[in-house]
Every structure is written in C-alpha cells, then in structure tokens.
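# Summary of structural features
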Amino acid sequence: DERTLPQALSDAGYTTAICGKWHLGEFRAEYRPSQRGFQHQYGHMMGNLDYFTHLRDGKLDWYRDDKPLKEEGYTPRLIAKEASRLIRAQPADKPLFLYVPFNGIHSPYQVPESDAKPYANLPALRRTVAGMLAVVDEAIGQITAALEEKGMRNNTLIIFSSDNGGARAGKGTMNTPLRGGKGGIYEGGVRVAAFATWPGKIAAGATIDEPMHIVDWYPTLVKLTGAPTSGATAK
C-alpha cells in the first residue's frame, strides 16, 4: 500500500532502475521491482546468495526485469557493469534514478582470491571482507567513471550509505570506537558511514553532525525533483 520512491520519480519523468539487491518481497508478482516503480531491474530478490553461482538455498536468485537470468560472474562486478551500461544508454534529455544496492559485503563471505591477496597480513575472515569491500569500491569507481564519460557527473547527486554496522564485529569487521555491530541497537549497529556528493551544490569536505535516518531521503528527493507525493502508481 506504500508509494515508493521509484514510483514517485517515474511519475516525475525519470528513468528508474535497480541494480542489485531488492529484498522486499518476490513470491507474488506485484511485490517485485517492476511492479513497484522500477522500469529496469537487474540482480537478486533475496539475501545471502552465493556470489559466484547466484544460488540461494539451491535456487537461482538472479534476474533481469523480474525474469530468471543465468550468467557467470562475481555479483558486485556484474552489478557495476549493468549500472554502467544503463548510464551509457540513458537518453540525454531524460533524468535517471539509479538505485545500486550491492550485496557486498553481506554474507556469505566470498571473494576471488586475487582480490583478497593484497590483505594477506589480516586474519582469514578479515582478509576476505577487506577483499570484498575493495571490489565494491572498485565497482563504485566504475559507475562514477560511466557518469563522467556520459557527461552526467556534474549534474548528478550521488548518495552512498551502508544499511547497518559491520557484522561479526571484532572478527569480520571493526566498528571501533562504536560498541556492537549489525543486529544490535548500540551505535555500532545503527550508526553507519554515509556521504552525498553533488558538484556545485554540496561543498567538498563538508560534514554535518545532525542525526538522520535513511527514510529522510524520500521526502528530500521528492522535493528536489519536484516529484508528485501522490497520484498514479507507476508499473
């Protein structure tokens, strides 16, 4: 019954696309991304899928436009490739809302050995997580490069945020100096790294101390884009 951000932005004339993790329901067609405002979908519906086989509990969890898709590759790199493709294909006269929820660095902790190798001095689990995060960093760089190539970078607001503190604090991740981690209500579980960059609009290096929550982005982006707050439901 809720009106989603891609529904609002679609009604405002935006191309809307998701590349990555949906995790908001899929067992009925009307719960899937293409019925909830996204004109393009690529990635997985649930969490904890294998990074290489794209299987979850023995079932393929990889889709394009809500239809099962079999392909090879390490999932964060596939997500970056598709996101970059969409940017390059975007018509110059139409705005784009691109949502890229990477499955890295979520469990299961898997990474190509070559990506973990630079962190050989770390304990095994930390080494794997560091390699996974490096791949995500590389992927974000590829998406930013696609924006530059397309001439869109200076007119694009980029928002980056984690959804929770690091899991298995002290072993797989480090939330120091905050206490706790994912799954807990201490600051190590709920206070995360985030930033926004928008050339000419947000001063480089600026910081804010006021607390905010991810849901604050909905009214903020609706206001910035002039999207309707109610009306037709995009499909």
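For the structure, see preceding data.
My aim in this report is to walk through the structure given alongside it, one point at a time. Quick caveat, the model's predicted, so the values are computed rather than measured. (Residues numbered from 1 in each chain as written. Predicted model: local features only at pLDDT ≥ 70, side-chain atom pairs only at ≥ 80, totals over all residues. Heavy atoms only, no water.)

All right, on to the nonpolar core then. By size, the foremost hydrophobic cluster in this structure holds 19 residues, and its most contacted members are Cys19, Trp62, Ile87 and Phe102. Mapped by element, the contributors of at least two residues to this core are strand 1 (15-21), helix 2 (75-89) and helix 4 (124-150). For this core, the element with the highest residue contribution is helix 2, accounting for six residues. Those residues in contact with Phe102 that lie beyond four places of it in its chain are Pro76, Ile79, Ala80, Val136, Ala139, Ile140 and Ile143. (Core = buried A, V, L, I, M, F, W, Y, C linked by side-chain atoms within 4.5 Å. Buried < 20%, exposed > 50% of the residue type's maximum accessible area, 1.4 Å probe, protein only. Helix = DSSP H or I, 4+ residues; strand = E, 2+ residues; numbered from the N terminus. Contact = heavy atoms within 4.5 Å.)

On to helix 2. Over its 15 residues, helix 2 extends 21 Å from the first C-alpha to the last, a length consistent with the 21 Å expected when each residue adds 1.5 Å. Within the span of helix 2, buried status applies to Thr75, Pro76, Leu78, Ile79, Ala80, Glu82, Ala83, Ser84, Leu86 and Ile87. Tucked into the core, helix 2 has its buried residues touching strand 1, strand 2 (40-44), strand 5 (63-64), strand 7 (96-99) and helix 4. (Expected span 1.5 Å × (residues − 1).)

Here we take up the sheet that holds strand 5. Strand order across the open sheet formed by five strands is 6-5-2-1-7, with mixed pairing between neighbours. Only two strands of the sheet have a single partner each, and these edge strands are strand 6 (67-68) and strand 7. Pairing of strand 2 with strand 5 involves two bridges; the strand directions are antiparallel. Counted as the bridge partner of Tyr42 is Arg64 from strand 5. Along the sheet, helix 2 makes contact with strand 1, strand 2, strand 5 and strand 7, crossing strand 1 at roughly 170 degrees. (Pairing = 2+ DSSP bridges. Axes fitted to C-alpha atoms, helices over the stretch in contact; angles between N-to-C directions.)

Tallied over the full model, the rule gives nine salt bridges. Salt-bridge contacts for Arg77 lead to Asp115; the nearest nitrogen and oxygen are separated by 2.9 Å. Here Arg77 is found in helix 2, whereas its partner Asp115 is found in helix 3 (residues 113-116), with 38 residues between them in sequence. A relative accessible area of 27% places Arg77 in the partly exposed class. Where Glu187 meets Arg191, a salt bridge forms, and the shortest distance between an N and an O atom there is 3.7 Å. Here Glu187 falls in the partly exposed class, since its relative accessible area comes to 44%. One network of salt bridges, with partners in common, ties together Arg64, Glu82 and Arg85. (Salt bridge = Lys/Arg side-chain N within 4 Å of Asp/Glu carboxyl O.)

Looking now at helix 6 (residues 217-225). Of all the positions in helix 6, only Trp217, Leu221 and Val222 are classed as buried. Within helix 6, the buried residues cover an arc of 130 degrees as seen down the axis, which keeps them to one side. In this structure, the buried side of helix 6 is in contact with helix 1 (5-11), strand 8 (158-161) and strand 9 (194-197). (Arc of directions from axis to C-beta.)

Moving on, we get to the packing of aromatic side chains. Under the counting rule described, the total for this entry stands at eight aromatic pairs. With centroids separated by 6.2 Å and ring planes inclined at 85 degrees, the aromatic side chains of Trp22 and Phe38 adopt a geometry described as edge-to-face. Of this pair, Trp22 sits in the loop between strand 1 and strand 2 while Phe38 sits in the loop between strand 1 and strand 2, placing them 16 residues apart in sequence. Here the two residues Trp22 and Phe38 agree in accessibility, since each one is buried. A connected cluster of aromatic rings, assembled from ring pairs, spans Trp22, Phe38, Phe97 and Tyr99. The ring of Tyr186 is capped by Arg179, whose NZ or CZ atom sits 3.9 Å from the centre of that ring. Here the guanidinium or amino end of Lys201 rests over the ring plane of Trp198, the centre of that ring lying 5.6 Å away. (Phe/Tyr/Trp six-rings, centres within 6.5 Å; stacked < 30°, edge-to-face > 60°. Lys NZ or Arg CZ within 6 Å of the ring centre and 35° of its normal.)

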